[in-house]
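As a plain string of letters, each chain reads:
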Amino acid sequence: LSIMKQTVALCLLITVCSIPVFSSAQTVKEIFQHSWSGSSVQDGGTLTKDGKIYISQKLKIIINSDNTLTGKNTAIFTLDGISYTRVTTIKGTFYPDDQKIYITDDYEQSAEKLPYGLFWCGAQGYLKVYRNADKPRYYLLKGSLKGFTTGCDFTSDLELKDNPY
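Rules and cut-offs
- Counting starts from 1 at the beginning of each chain's written sequence and moves along it residue by residue.
- A pLDDT threshold of at least 70 governs which residues receive local features in this predicted model, and a stricter bar of 80 or more applies before side-chain atom pairs are shown or counted, although totals over entire chains, interfaces and linings include all residues.
- Just so you know, side-chain values use all the structure's heavy atoms and leave hydrogens and water out.
- In this description a helix means any DSSP run of H or I spanning at least four residues, a strand means any run of E spanning at least two, and both kinds are numbered starting from the N terminus.
- We call a residue buried when its accessible area falls under 20% of the maximum for its residue type, exposed when it is over 50%, and partly exposed in between, using a 1.4 Å probe and counting protein chains only.
- Each accessible area is a Shrake-Rupley result for a 1.4 Å probe, and residues are judged covered by the shown protein chains and nothing else.
- Between rings of Phe, Tyr and Trp, where Trp is taken as its six-membered ring, a pair exists when centres lie within 6.5 Å; planes separated by under 30 degrees are stacked, by over 60 edge-to-face, and by other angles tilted.
- We count a charge as sitting over a ring when the NZ of a lysine or the CZ of an arginine lies within 6 Å of the ring centre and within 35 degrees of the ring normal.
- To qualify as a nonpolar core, a set must consist of buried Ala, Val, Leu, Ile, Met, Phe, Trp, Tyr and Cys residues joined through side-chain atoms within 4.5 Å.
- Salt bridges are counted wherever a side-chain nitrogen of Lys or Arg sits within 4 Å of a carboxyl oxygen of Asp or Glu.
- One requirement defines pairing of two strands: DSSP has to find at least two bridges between them.
- Cysteine sulfurs are considered disulfide-paired once they come within 2.5 Å of each other.

The helix and strand inventory of the chain stands at 1 helix and 11 strands. Beginning at the N terminus, the succession of helices and strands in the chain can be written as β-β-α-β-β-β-β-β-β-β-β-β. Taking all 165 residues of the chain together, the buried fraction comes to 44%. Surface summary for the chain: the accessible area is close to 8700 Å², and the carbon and sulfur share equals 50%.

Right, dumping it as structure tokens:
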């Protein structure tokens, strides 16, 4: 694979998901506070054969009494058989009436240097919880994040699944 030096934005982009509901008494706030995992996909240009970049994601959200939120995201990008990890703190706001959150993912705790002139990007946007029509008692967490740091002009669509156990 011949790769020219390029800047490809890597961000929080998390793929299709569902979350089990344990009881009808479970609130939207409780659902958002599950541990989430999945993978993201975004345009990769000529970096990969299929033109896509896939990143494994793990996300944990904590919603405070004033509806601000914090959390942790771990992103793992694998290229040429080598995995690179970035851990960030996320911050944002919970909107209970709209069943959504707004997050900013750019507060880096640690990040492994990426090859080929690639770099990690900060992103922000809304995620909303939906019922999963294909799986009763499950939900989807979906939305779009936009890159906002230098060289990170992109929009990523995402979805997550939870890990309640």
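To continue, consider the packing of aromatic side chains. Enumeration over the complete set of coordinates arrives at 3 aromatic pairs. Pairing Tyr102 with Tyr126 gives two aromatic rings, centres 4.7 Å apart and planes at 65 degrees, and the pair type is edge-to-face. Here Tyr102 is found in strand β7 (residues 100-111), whereas its partner Tyr126 is found in strand β9 (residues 123-131), with 24 residues between them in sequence. On the basis of relative accessibility, which here comes to 24%, the residue Tyr102 falls in the partly exposed class. Residue classification places Tyr126 among the partly exposed residues on the basis of a relative accessible area of 38%. Over the ring of Tyr107 we find Lys91; its NZ or CZ atom is 4.4 Å from the centre of that ring. If you follow Lys142 out to its NZ or CZ, it ends over the ring of Tyr130, 5.6 Å from the centre.

What follows covers the nonpolar core. Grouped together as the largest cluster of nonpolar side chains are 22 residues, with contacts concentrated most on Phe32, Trp36, Ile61, Leu69, Ile101, Ile103 and Leu141. For this core, the secondary structure elements donating two or more residues are α1 (28-32), β4 (52-63), β6 (82-95), β7, β9, β10 (138-147) and β11 (155-162). Of all hydrophobic cores here, the second largest spans 10 residues; its members include Leu47, Ile55, Ala75 and Leu114.

Another point: unusual backbone geometry. The phi angle of most residues is negative, glycine excepted, and most peptide bonds adopt the trans form. The backbone phi angle of Asn67 is positive, close to 70 degrees, even though this residue is not glycine. For Asn67, the position within the fold is in the loop between β4 and β5 (68-79). Assessed through its relative accessible area of 25%, Asn67 is described here as partly exposed. A positive phi is found at Tyr116, a non-glycine position, where the angle reads about 60 degrees. With respect to the helices and strands, the residue Tyr116 is situated in the loop between β7 and β8 (119-120).

For the rest of this paragraph, the subject is the pattern of salt bridges. The final tally for this structure, using the stated rule, is 2 salt bridges. The shortest N-O distance in the salt bridge between Arg86 and Asp106 comes to 3.7 Å. Highlighted residues: Arg86 in strand β6 and Asp106 in strand β7, separated in sequence by 20 residues. We classify Arg86 as buried; its relative accessible area is 4%. The network of salt bridges with shared partners includes Arg86, Asp106 and Glu108.

Alignment of β7 against β9, held across 6 bridges, turns out to be antiparallel. Directly across from Asp105, in β9, lies its bridge partner Ala123. Where β9 folds back on β10, the antiparallel hairpin that results is connected by 6 residues, among which Arg137 adopts a positive phi of roughly 75 degrees.

Turning next to the state of the cysteines. All told, the structure shown has 1 disulfide when counted by the stated rule. Each disulfide pairs two cysteine sulfurs, and for Cys121 the partner residue is Cys152, the sulfurs being separated by 1.9 Å. An S-S torsion of about -75 degrees defines the bridge between Cys121 and Cys152 as left-handed. Here the residue Cys121 occupies a position in the loop between β8 and β9, and Cys152 occupies one in the loop between β10 and β11, the gap between them amounting to 31 residues. In this structure, Cys121 and Cys152 share a single accessibility class: buried.

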